[in-house]
Amino acid sequence: MLVRRSGDLADAQDALQDALLAATTQWPAQGVPDNPRAWLVVVGQNKLVDRYRSEEARRRREELVGTMEAVDAGDAFETDDSLLLLFGCCHPALSPASAVALTLRSVGGLTTAEIARAFLVPEATMAQRLSRARRTLRDLDGPFRMPSAQDYPARLRAVLRVLYLMFNEGYASTTGTSVARADLSAEALRLTRTLHESLPDDPEVAGLLALVLLTDARRPARTGPRGELVSLTDQDRGLWDRAMVDEGVALVEDALVRGSVGEYQLQAAIAAVHDEAPSTDATDWPQLLALYGLLERMTGNPMVTLNRAVALAMVRGPDAGLALLATLDDRLPGHHRLAAVRGHLMDRAGRPGEAADQLLLAARGTTSLAERDYLLVQVARLRHGSAS
Amino acid sequence: MKYMLLMNYFIEGVPPIDQWAPEDVQRHIQFQHDLGAELVANGEFVDGQGLAWPATAKLVRSDGVSDPVVTDGPFPESKEFLAGYWTVDVEDEARAIAIAAKASAAPGPGGAPIQQVFEVRALMEAPAPVE
């Protein structure tokens, strides 16, 4: 509605922010919800969706738009209009990459120039990408409202996916402008935290927040002085951020006891097992094996099976892991990560020649410079016996 | 994913552009300009450069101690010369190939598609998420 009226999503977003802020001051007087945060949260939890979508509410919102000029915009991020915008930006009509960029711009605190830097594209390109995304949403006829009760679970999953991708975009890269990339992770953490504050009872939101904290905690240890990747085994665990680990562990433990176990909680639980272990050898691999088994059943994702093979190898030896990998050849044909894990397990099984062949295969397939460098060093070590 | 679309200078059966009629050259230049504008408008453009004639190229070789050996072009033994490139940031490899296909069909003499060969190469970047 707002989008149609103004003809431009950026303007409409501002108008909507203002309108919602107006709502926070006017609703109580009008006797609608007492607390707009609680109101939107409840909407999110599917209890007042019908009221929100009713004609009466629509009329009220239209009145609010009419009065919005008089309202000070204030800090949008302090109110739950950011929740509404977040759900709007994570619309399934957008590609994940566009949704990440639009979320950073519209909900997060990043400028177009900053987002462009983080994604290593010119600012004009990012500006176009954002405006195309806005156009896509505009053509959808008013996406900036909370999804219906029926659509809510799927949309919440999309929101979590976008935040997870945003975090990984910033975390996984060790090349390029690492400072700008780290901003993405920080923004993802901040937005996930905000989402958790808005939806404190959703165990998967808590699970994602825990996962982000437990992963980000290792950031200081995961790259060496030249930006090279350091494997979990070789990381100096004293560099891990204990406060983040503690917060993440508490979150995931609390979420898991609520009963409805989801993908992010399981991933967070896996990260927690690693983060609480003093070393690779002293890690609770049987528990990891069980968690990967649950995650595998839940997602059917062959990459999870790949990780389960690593855990299996730690519990029952490399040959058991290699046997499990053999079941993945059809599902991940020629995937560099399958070759990387196979090479790693062959190395552990005392087959350095075959291990080197597999790791070289992986090095040729990866599109990550840091990962390729790491694999090539391992190949050289296996073929020439020199330490890295 | 970012891809570099590398444009080969040599084109089978098409004379070098300095032998084309002026309107053919104009049309070709306009095509490249429009393609660049389209990539920007799509939010896919990262970089694009045309390189100077191979005849102006220099080959440099050095052992790090003596003076470097610098050789002037052209180098008739080689047909493989980079003429230019586009760098694009796209959803997947299929889209990079579609852009390369469009660029490959750039108009040549008489407006016929020159069918220039493009090499599509992924840029090294972040590893996929893993845990």
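Residues numbered from 1 in each chain as written. Chains lettered and ligands numbered in written order. Predicted model: local features only at pLDDT ≥ 70, side-chain atom pairs only at ≥ 80, totals over all residues. Heavy atoms only, no water.

Caption draft 1: Examining the overall build of chain B more closely. A tally of regular secondary structure across chain B gives two helices and six strands. Of the regular secondary structure in chain B, the N- to C-terminal order runs β-α-β-β-β-β-α-β. Burial status across chain B gives 36% buried among its 131 residues. Taking all contacts inside chain B whose residues are at least 6 apart in sequence as the whole, residues at least 24 apart take part in 74%. Surface accessibility of chain B: about 7,700 Å² in total, with carbon and sulfur atoms responsible for 58%. (Helix = DSSP H or I, 4+ residues; strand = E, 2+ residues; numbered from the N terminus. Buried < 20%, exposed > 50% of the residue type's maximum accessible area, 1.4 Å probe, protein only. Contact = heavy atoms within 4.5 Å. Areas by Shrake-Rupley, 256 points an atom, 1.4 Å probe, with all protein chains shown as cover.)

Caption draft 2: Representation of the sheet that holds strand 1 (residues 2–8) of chain B in the model. Residues and elements named next belong to chain B. Read across the open sheet, the four strands follow the order 2-5-1-6; overall the sheet is antiparallel. The outermost strands of the open sheet, each flanked by one partner alone, are strand 2 (45–50) and strand 6 (118–122). Neighbour-to-neighbour, the strand axes of this sheet turn through a mean angle of 15°, independent of strand direction. Docked against the sheet, helix 1 (residues 22–41) engages strand 2 and strand 5 (82–89), running at close to 20° with respect to strand 5. (Pairing = 2+ DSSP bridges. Axes fitted to C-alpha atoms, helices over the stretch in contact; angles between N-to-C directions.)

Caption draft 3: Expanded view of helix 19 (residues 336–348) of chain A. Residues and elements named next belong to chain A. The end-to-end C-alpha distance of helix 19, which contains 13 residues, comes to 19 Å, matching closely the 18 Å that a straight helix rising 1.5 Å per residue would cover. Counting buried positions over the 13 residues of helix 19 gives 10, a clear majority of the element. Where helix 19 is concerned, the buried positions are His336, Arg337, Leu338, Ala339, Ala340, Val341, Arg342, Gly343, Leu345 and Met346. Elements that come into contact with the buried residues of helix 19 comprise helix 17 (302–316), helix 18 (318–326), helix 20 (352–365) and helix 21 (369–384). (Expected span 1.5 Å × (residues − 1).)

Caption draft 4: Representation of the packing of helix 12 (residues 203–216) of chain A against helix 14 (residues 242–256) of chain A within the structure. Residues and elements named next belong to chain A. Across the interface, helix 12 lies against helix 14 with an axial gap of 8 Å and an inter-helix angle of 155°. Relative to helix 14, the element helix 12 lies roughly antiparallel. The handedness of the crossing between helix 12 and helix 14 comes out as left-handed. Counted together, Pro203, Ala206, Leu209, Ala210, Leu213, Leu214 and Asp216 of helix 12 and Met244, Val245, Glu247, Gly248, Val249, Leu251, Val252 and Ala255 of helix 14 form the full contact between these two elements. (Parallel < 35°, antiparallel > 145°, perpendicular 65-115°, else oblique. Left-handed = near helix turned anticlockwise from the far one by under 90°.)

Caption draft 5: Layout of the interface of chain A and chain B. At the interface, 29 residues of chain A touch 21 residues of chain B. Here chain A and chain B share an interface that buries about 2,100 Å² over both sides, 52% of which is from carbon and sulfur atoms. The tally of links from chain A across to chain B stands at one salt bridge. The closest approach of N and O atoms between Arg129 of chain A and Asp89 of chain B, which form a salt bridge, is 3.2 Å. If you look at where chain A meets chain B, you find six residue pairs in polar contact (both at pLDDT 80 or more). Put simply, the parts of the chain that give the side of chain A that touches chain B at least two residues each are helix 9 (123–138), helix 10 (152–172), helix 15 (263–276) and helix 21 of chain A. Tallied by class, residues from the side of chain A that touches chain B come to 10 nonpolar, 12 polar and seven charged. (Buried area = accessible area lost by both parts, 1.4 Å probe. Salt bridge = Lys/Arg side-chain N within 4 Å of Asp/Glu carboxyl O. Polar contact = N/O pair within 3.5 Å; in protein donor to acceptor, adjacent residues only side chain to side chain. Nonpolar A, V, L, I, M, F, W, Y, C, P; charged D, E, K, R; others polar.)

Caption draft 6: Quick peek at the environment of Leu266 of chain A. Residue and element names in this part refer to chain A. Examined against the element boundaries, Leu266 turns out to sit in helix 15. The exposure class of Leu266 is buried, given its relative accessible area of 2%. Not counting chain neighbours up to four residues away, the residues in contact with Leu266 comprise Val261, Leu291, Leu294, Leu295 and Met298.

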